[in-house]
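Observations on the three-dimensional arrangement
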Amino acid sequence: LRFTSVIHIMAIIDIVGFRHGETDLNKTGILQGGSIDLDLNLTGYDQADTLSEVLAKMCEGYDGIHILTSNLLRAKNTMYRIRQNFSEILKGKI
């Protein structure tokens, strides 16, 4: 799991890009693309939890945080886990 980019737009909006957590096929080095829709494995869920803590620290002081994701199961479940943890950490700013 890694951050792919941070973009500052006119000092008004910060955009942070990141990849979904690990799947069993990712672990073996196989890229899935959009044709294989696997869920995260246990490591992937742990990565999403860790990412949510890092993002929560980055987003302290921000009002209104939006998370966009693809419709693939691994991406949606990464987002759901981050959103759940954000709600606890940032008290509903997401």
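For the structure, see preceding data.
Residues numbered from 1 in each chain as written. Predicted model: local features only at pLDDT ≥ 70, side-chain atom pairs only at ≥ 80, totals over all residues. Heavy atoms only, no water.

Next up on the list: the overall build of the protein chain. Looking only at helices and strands, the protein chain features three helices and two strands. Ordering the α and β elements of the protein chain from the N terminus gives β-β-α-α-α. Residue burial in the protein chain is summarised as follows: out of 94 residues, 33% are buried. Put simply, 54% of the contacts in the protein chain that link residues at least 6 apart link residues at least 24 apart. Counting only carbon and sulfur atoms, one obtains 56% of the accessible surface of the protein chain, whose full area is about 6,300 Å². (Helix = DSSP H or I, 4+ residues; strand = E, 2+ residues; numbered from the N terminus. Buried < 20%, exposed > 50% of the residue type's maximum accessible area, 1.4 Å probe, protein only. Contact = heavy atoms within 4.5 Å. Areas by Shrake-Rupley, 256 points an atom, 1.4 Å probe, with all protein chains shown as cover.)

With that settled, consider helix α2 (residues 42–58). Its 17 residues place the ends of α2 25 Å apart at the C-alpha level, agreeing with the 24 Å of an ideal helix rising 1.5 Å per residue. Among the residues of α2, the N-terminal cap falls to Asn41, whose side-chain oxygen and the backbone nitrogen of Thr43 are separated by 3.1 Å. (Expected span 1.5 Å × (residues − 1). Polar contact = N/O pair within 3.5 Å; in protein donor to acceptor, adjacent residues only side chain to side chain.)

Our focus in this paragraph is the side chain of Glu22. With respect to the helices and strands, the residue Glu22 is situated in the loop between β2 (13–18) and α1 (24–27). A polar contact is formed between the side chain of Glu22 and the side chain of Asn41, at a distance of 3.0 Å.

A few words on the nonpolar core. Core analysis: the biggest nonpolar cluster contains seven residues, these being Leu51, Leu55, Ala56, Cys59, Ile65, Ile82 and Phe86. If you list the elements that add at least two residues to this core, you get α2 and α3 (73–90). For this core, the leading source of residues is α2, giving three residues. (Core = buried A, V, L, I, M, F, W, Y, C linked by side-chain atoms within 4.5 Å.)

Along the chain, Gly33 falls in the loop between α1 and α2. In this structure the C-alpha to C-alpha distance between Gly33 and Leu72, which are 39 residues apart in sequence, comes to 9.6 Å. Non-local contacts of Gly33, meaning those with residues more than four positions away in its chain, are made with Leu72 and Arg74.

With that settled, consider the side chain of Thr23. When you line up the elements, Thr23 lands in the loop between β2 and α1. Owing to a relative accessible area of 0%, Thr23 belongs among the buried residues under this scheme. Engagement of the side chain of Thr23 in a polar contact is seen with the side chain of Asn26, the distance being 3.0 Å. Of the polar contacts made by the side chain of Thr23, one reaches the side chain of Gln32; its length is 3.1 Å. Beyond its immediate stretch of four places on either side in the chain, Thr23 contacts Gln32, Leu38, Asp39, Leu40, Asn41 and Arg74.

This part covers the environment of Ile82. Considering the arrangement of structural elements, one finds Ile82 in helix α3. Residues Ile82 and Glu53, 29 residues apart in the sequence, show an inter-C-alpha distance of 8.2 Å. The contacts of Ile82, once residues within four sequence positions are left out, are Phe18, Ala48, Leu51, Ser52, Leu55 and Ile67.

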